[in-house]
Amino acid sequence: IRSILGRPNGGAGLAGQKVQISGWVKKGREQGKGTFAFLEVNDGSCAANLQVKVDASASDLSKLVTTGTSLTIDSCLKIPPQGKATKQKIELSAEKVIDVGTVDQHGKTPYPIPKTKLTLEYLRDHTNFRARTTTMAAVTRIRHKICLAAHVFCDKHDICYIHTPIITTSDCEGAGEMFQVTTLINQSDKLETGLPRKHGKIDYSQDFFARQAYLTVSGQLHAETYACSMGDVYTFGPTFQAEKSHTSRHLAEFWMVEVELAFAGVEEAMNCCLDDMELMKNVDEACIHRLQMVALTSFERVTHTKAITLLEEAVAKGKKFENQVERRMDLASEHERHLTEVLYKKPVIVYNYPKEIKAFYMRLNDDGETVAAFDVLVPKVGELIGGSQREERMDVLMKRMEEKGLPIKEYEWYIDLRRHGTVKHSGFGLGLERMLLFATGMDNIRDVIPFPRYPGRADL
Ligand code: 4AD
Ligand code: MG
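An unreviewed UniProt entry annotates the protein as asparagine--tRNA ligase originating from Arabidopsis lyrata subsp. lyrata. Recorded in UniProt under Catalytic activity (unreviewed entry), the annotation for the protein is "tRNA(Asn) + L-asparagine + ATP = L-asparaginyl-tRNA(Asn) + AMP + diphosphate + H(+)". Recorded under Sequence similarities (unreviewed entry), the UniProt text for the protein is reproduced unchanged: "Belongs to the class-II aminoacyl-tRNA synthetase family."

Written out as C-alpha cells, the structure is:
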C-alpha cells in the first residue's frame with residue numbers, strides 16, 4: 001500500500017493496473033442496499049489505508065466489513081469518482097477475493113479494538129492486539145527506522161558492530177541491580193529433559209555456568225575489550241535492569257546503542273553523540289520533526305557544578321522541587337526537565353559529575369573529585385544518553401573499585417585491558433526507547449516497545 005499511495009499524486013498514475021493486495025480491514029461499510037462494500041484496508045506498510053470496493057458477487061460482504069478481517073484480493077486500481085468524501089487519488093476495485101480470515105465477534109475473546117478509541121493504558125493489557133492500532137504500528141515503524149539509522153551511522157563512521165553477551169557474571173554499573181539466571185532443571189529425574197545424565201541426576205541450577213550468572217545491564221565492559229584491540233566498536237542489544245522503577249521512563253528490558261571509541265577523550269565521545277543526532281534527521285518524514293530540531297540546535301554544555309548552581313538559583317527564586325537540590329547529588333528527572341525545558345529550552349549536556357555518584361569505570365579528573373562523565377538531557381525525556389571517558393590508569397581504576405567496595409577479583413579480565421597496552425578511550429550508551437519517546441512525542445516508555453517489561457509485567 002505504501003508503494004501505491006507513496007507514488008507522486010497519491011498513486012493516481014497507476015490507474016488501470018492490476019494488483020494483488022493482502023491486509024486487514026480497518027473500517028468497512030456495506031452500501032447500495034448490500035450490493036457492494038467499501039473497505040479501508042491497511043497492510044502495515046504505512047499509516048494510510050487503501051480503499052477497496054467489493055461487489056456482493058465477489059464475497060459475503062457482512063463478514064468482510066468487520067474490523068480486523070484479513071484478506072487477499074486481486075483487484076484493479078481505479079480513480080475514484082469525483083466529489084467523494086475520500087481524499088484518496090486512487091482506490092481498488094476488487095475482482096476476486098482470494099482469501100479471508102474472519103473475525104469472531106461473539107466468541108470467548110471478542111475483538112477488543114472497537115471503533116471507539118481505547119486508552120494506551122487499556123491497550124497495554126492487550127499487548128497482542130495493541131499491534132493492530134495505528135499508533136503502535138507507527139511507533140514500530142519509526143523504531144525500525146531508528147535502529148537502522150544507528151547501524152548506518154556506525155557503519156559510515158567505521159564503527160564495527162560487535163555482539164556482547166546477554167548472559168554474564170559482570171555487573172557493569174556495579175549497582176547490583178541485575179536479574180539472576182537460573183535453570184528449571186533442578187533434578188533431571190523429575191523432568192524429561194533429554195539431556196545427558198550422570199548417575200541419573202544433574203543439578204544444573206548450580207552447575208550450568210559454574211557460578212551465578214546474570215542478565216547484562218550493559219555491554220560496555222565487553223565492548224571496551226574489543227575497542228582496546230580493534231578500535232571503534234558498538235554494540236546494540238537488549239539490556240536488563242532489575243530496578244523497581246514504576247516510571248514512564250524506565251523499563252526492566254530496554255535496548256541500548258553503546259559506542260566505544262579508542263584513542264578518544266570525553267570531548268570526542270560527546271561530539272560523536274551529536275553526530276548521531278545529526279544522522280537521525282534522515283530517519284523519516286513527519287514525526288522526525290523533533291529530531292531535526294535537535295540535530296539543528298546546538299547543545300548547551302554545563303558542568304555538574306554549574307547545573308546545581310542554576311537549580312539552587314531557581315529554588316532561591318521560588319521554584320519548588322520534590323527532590324531537594326544538593327551540591328553532590330545526581331539530577332532527578334524534574335531537575336533535568338527544568339534545565340532543558342525552562343532554563344535552556346534545548347538539549348543540555350551535563351558533564352564532570354562528582355565521582356561518588358557515578359560508576360567505577362569513569363575517568364577521574366585532575367581535581368580528584370569529579371569524573372569525566374556526561375549525560376545528554378533532552379526536553380520532555382530527560383536523560384537520553386549516558387557516557388564517559390573510561391579510566392585507563394590501572395592504579396587509579398583499582399583504587400576507585402576499592403572505594404566502591406567492588407570485588408576486584410571478578411573484574412580481573414577488565415583490569416587486564418589496563419595492563420596490556422592501555423589506551424585512552426571513551427564511550428556512551430543511548431537508550432533506544434528514550435530516543436523513541438523523544439522522536440514520537442509518546443508519553444510513556446511502555447508504549448514504544450512492542451512487548452514492555454516492567455515490575456509486575458512479563459506475560460505476553
Ligand atoms: O546511563 P546508563 O546507565 O549508562 C550505561 O549503562 C553505560 N554502561 C553506557 C555506556 O557508556 N556504554 O544508561 C545509558 C542510557 C540512559 O541514558 C538511558 O537512555 C537508557 O540507557 N536507560 C534506560 N532506558 C530505559 N529504562 C531503563 N531502566 C534505563 N536505564 C538506562
Ligand atoms: Mg545514566
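A few words on the overall build of the protein. Per the secondary structure count, the protein includes 14 helices and 16 strands. Buried positions account for 34% of the 460 residues belonging to the protein. Long-range contacts, defined here as pairs at least 24 residues apart, represent 67% of the contacts in the protein between residues at least 6 apart.

Below, the discussion takes up helix α14 (residues 432–440). α14 sits mainly inside the fold: nine of its nine residues count as buried. Every buried residue of α14 is listed here: L432, E433, R434, M435, L436, L437, F438, A439 and T440. Downstream of α14 by a residue or two, G441 has a phi angle that is positive, lying close to 80°.

For F153, the position within the fold is in helix α5 (residues 134–156). Of the residues examined, F153 has 21 C-beta atoms within 10 Å and is grouped as buried. For the pair F153 and A373, spaced 220 residues apart in sequence, the C-alpha separation works out to 23 Å.

Below, the discussion takes up the pairing of strand β13 (residues 348–354). Along β13, five of the seven residues are buried, which leaves the element largely enclosed by surrounding structure. Of the pairings in the sheet, the one linking β13 to strand β14 (residues 370–378) comprises six bridges and is antiparallel in character. Along β14, the bridge assignment pairs V348 with L377.

Lining the immediate surroundings of ligand 1 are 21 residues, of which S218, Q220, G386, G429 and G431 lie closest. Put simply, the parts of the chain that give the shell around ligand 1 at least two residues each are β11 (253–262), β15 (382–389), β16 (425–431) and α14. The element that contributes the greatest number of residues to the shell around ligand 1 is β15, accounting for five residues. Of the residues that constitute the shell around ligand 1, the class distribution is seven nonpolar, nine polar and five charged.

Right, let's talk about the confidence of the model for the protein for a bit. Taken residue by residue, the protein gives an average pLDDT of 89. The fraction at 70 or more is 87%. The complex prediction reports pTM at 0.91, with the ipTM value standing at 0.99.

This paragraph deals with the sheet that holds strand β4 (residues 70–78). Pairing is mixed in the closed barrel, where five strands are placed in the order β1-β2-β3-β5-β4. Between one strand axis and the next, the sheet turns through 55° on average, direction left out of account. Relative to strand β5 (residues 91–101), β4 runs antiparallel, the two sharing nine bridges. Bridging from a neighbouring strand, S70 pairs with G101 of β5.

To continue, consider the domain arrangement of the protein. We note that the domain assignment places domain 1 (2–101) and domain 2 (135–178 + 216–447) within the protein. Distance between the C-alpha centres of domain 1 and domain 2: 46 Å.

Here the focus is helix α7 (residues 220–230). For α7, every residue scored as buried is listed here: Q220, L221, H222, A223, E224, A227 and C228. Residues of α7 that are buried sit in contact with β10 (233–240), β11, α13 (412–419) and β16. At the C-terminal side of α7, G231 shows a positive phi close to 95°.

Turning to the sheet that holds β13, a few remarks are in order. In a beta sheet, neighbouring strands are held together by backbone hydrogen bonds and run either parallel or antiparallel to one another. Spatial ordering of the open sheet is given by β6-β10-β11-β16-β15-β14-β13-β12, a layout of eight strands whose pairing is mixed. In this open sheet, the two edge strands, each paired with only one partner strand, are β6 (160–161) and β12 (300–303). Sheet topology note: the β6/β10 ladder contains two bridges and is parallel. Counterpart to Y161 in the pairing with β10 is Y234. Contacts from α7 reach β6, β10, β11 and β16 within the one sheet, and its direction differs from that of β11 by about 25°. In the packing of α14 onto the sheet, contacts are made with β11, β14, β15 and β16, and the angle to β11 comes to roughly 105°.

Where helix α12 (residues 394–403) meets α13, the axes come as close as 9 Å, and the angle between the chain directions of the two elements is 155°. Here α12 lies roughly antiparallel to α13, going by the angle between them. Every residue of α13 that contacts α12 at M394, L397 and M398 is listed here: I415, R418 and R419. Residues belonging to the contact of α12 with α13 are distributed by class as follows: four nonpolar, no polar and two charged.

Reading guide: rules and limits
- All residue numbers here refer to positions counted from 1 along the written sequence of the relevant chain.
- Naming scheme: in the order in which they are written, chains are lettered from A and ligands are numbered from 1.
- Reporting in this predicted model follows two pLDDT cut-offs: at least 70 for local features of residues, and 80 or more for side-chain atom pairs to be given and counted; totals over whole chains, interfaces and linings ignore these cut-offs and use all residues.
- UniProt positions are given in the numbering used here, feature names are shortened, and annotations may be inferred rather than shown by experiment.
- Secondary structure counts use DSSP, requiring at least four H or I residues in a row for a helix and at least two E residues in a row for a strand, with both numbered from the N terminus.
- Neighbour density around each residue's C-beta defines its exposure: 20 or more other C-beta atoms within 10 Å make it buried, 12 or fewer make it exposed, and counts between make it partly exposed, where C-beta atoms are placed from the backbone.
- With C-beta atoms placed from the backbone, a contact is any residue pair whose C-beta atoms sit within 7 Å.
- Two strands make a pair as long as DSSP finds a minimum of two bridges between them.
- Nearness here has a simple definition: the residue's C-beta atom, placed using the backbone, must lie within 6 Å of the molecule or strand.
- Amino acids outside the nonpolar list (Ala, Val, Leu, Ile, Met, Phe, Trp, Tyr, Cys, Pro) and the charged list (Asp, Glu, Lys, Arg) are all regarded as polar, and Gly is one of them.
- Every residue gets a pLDDT, meaning the predictor's confidence in that residue, from 0 to 100.
- Only C-alpha atoms enter the line fits that serve as axes; for helices the fit covers just the stretch in contact. Angles between N-to-C directions range over 0 to 180 degrees.
- Boundary definitions for the domains trace back to an automatic or database domain assignment.
- For classification purposes, an angle smaller than 35 degrees is called roughly parallel, one larger than 145 roughly antiparallel, one from 65 to 115 roughly perpendicular, and anything else oblique.

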